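Structural overview for review
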Amino acid sequence: AELWAAIRPLRGGLEWQGMQLESEATHKVTLRYRGGITARHRLTLGGRVFRILSVTDPREGRAMLEVTVREMGS
């Protein structure tokens, strides 16, 4: 589906998760509410692909979603 969204870069880097080095979130995406978006999905912008790390409804009003993502290949 094609959705309206605003994308904002976050501080990138690496962190330890258990015994493995993992990438942190690289961007936060704000979009109009759409049910069913989960970490199984991907977001794309042009040729860029983002893996969803978490999805929250910050005001619990089903108006907007905040999605933390990690850009694939970064």
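All values reported here derive from a predicted model rather than from experimental measurement. (Residues numbered from 1 in each chain as written. Predicted model: local features only at pLDDT ≥ 70, side-chain atom pairs only at ≥ 80, totals over all residues. Heavy atoms only, no water.)

Looking at the pattern of salt bridges
Per the stated rule, a full pass over the model turns up two salt bridges. Residue Lys-28 pairs with Glu-66 through a salt bridge whose shortest N-O separation is 3.7 Å. Of this pair, Lys-28 sits in strand 4 (residues 27–32) while Glu-66 sits in strand 7 (residues 64–71); the two residues are 38 residues apart in sequence, bridging distant segments of the chain. With a shortest N-O distance of 2.8 Å, Glu-71 and Arg-48 are connected by a salt bridge. (Salt bridge = Lys/Arg side-chain N within 4 Å of Asp/Glu carboxyl O. Helix = DSSP H or I, 4+ residues; strand = E, 2+ residues; numbered from the N terminus.)

With respect to the sheet that holds strand 1 (residues 5–9)
The sheet built from five strands is open, its strands ordered 1-4-7-6-5 with antiparallel pairing. Only two strands of the sheet have a single partner each, and these edge strands are strand 1 and strand 5 (42–45). Going from strand to strand, the sheet's axes swing by 35° on average, the running direction of each strand aside. Sheet analysis places strand 4 next to strand 7, joined by six bridges and oriented antiparallel. For Leu-31, the partnering residue across the bridge sits in strand 7 and is Leu-65. (Pairing = 2+ DSSP bridges. Axes fitted to C-alpha atoms, helices over the stretch in contact; angles between N-to-C directions.)

Quick look at the layout of surface pockets
Of the voids in this model, the largest pocket is the one considered here, and its volume is about 410 Å³. Lining the largest pocket are 17 residues, with Ala-1, Leu-3, Arg-42, Leu-43 and Thr-44 sitting closest to its centre. If you list the elements that add at least two residues to the lining of the largest pocket, you get strand 1, strand 5 and strand 6 (48–56). Ranked by residues supplied to the lining of the largest pocket, first place goes to strand 5 with four residues. Each residue belonging to the lining of the largest pocket can be placed in one class, and the counts come to 10 nonpolar, four polar and three charged. (1 Å grid on protein atoms, 1.4 Å probe; cavity = no way out; pocket = protein on both sides within 12 Å on 5 of 7 lines; lining within 4 Å. Points joined across faces, edges and corners; volume = space filled by probe spheres on them. Nonpolar A, V, L, I, M, F, W, Y, C, P; charged D, E, K, R; others polar.)

Description of the nonpolar core
Core analysis: the largest hydrophobic core is formed by nine residues, namely Val-29, Leu-31, Ile-37, Leu-43, Phe-50, Ile-52, Leu-65, Val-67 and Val-69. Among the secondary structure elements, those contributing two or more residues to this core are strand 4, strand 6 and strand 7. No other element matches the three residues that strand 7 contributes to this core. Not counting chain neighbours up to four residues away, the residues in contact with Val-29 comprise Ala-5, Ala-6, Ile-7, Leu-43, Leu-65, Glu-66, Val-67 and Val-69. (Core = buried A, V, L, I, M, F, W, Y, C linked by side-chain atoms within 4.5 Å. Buried < 20%, exposed > 50% of the residue type's maximum accessible area, 1.4 Å probe, protein only. Contact = heavy atoms within 4.5 Å.)

Some points on unusual backbone geometry
A positive phi is found at Glu-60, a non-glycine position, where the angle reads about 50°. Considering the arrangement of structural elements, one finds Glu-60 in the loop between strand 6 and strand 7. Glu-60 sits in the exposed class, given a relative accessible area of 72%. Its identity as a non-glycine residue notwithstanding, Arg-62 has a phi of 55°, on the positive side. Checked against the element boundaries, Arg-62 lands in the loop between strand 6 and strand 7.

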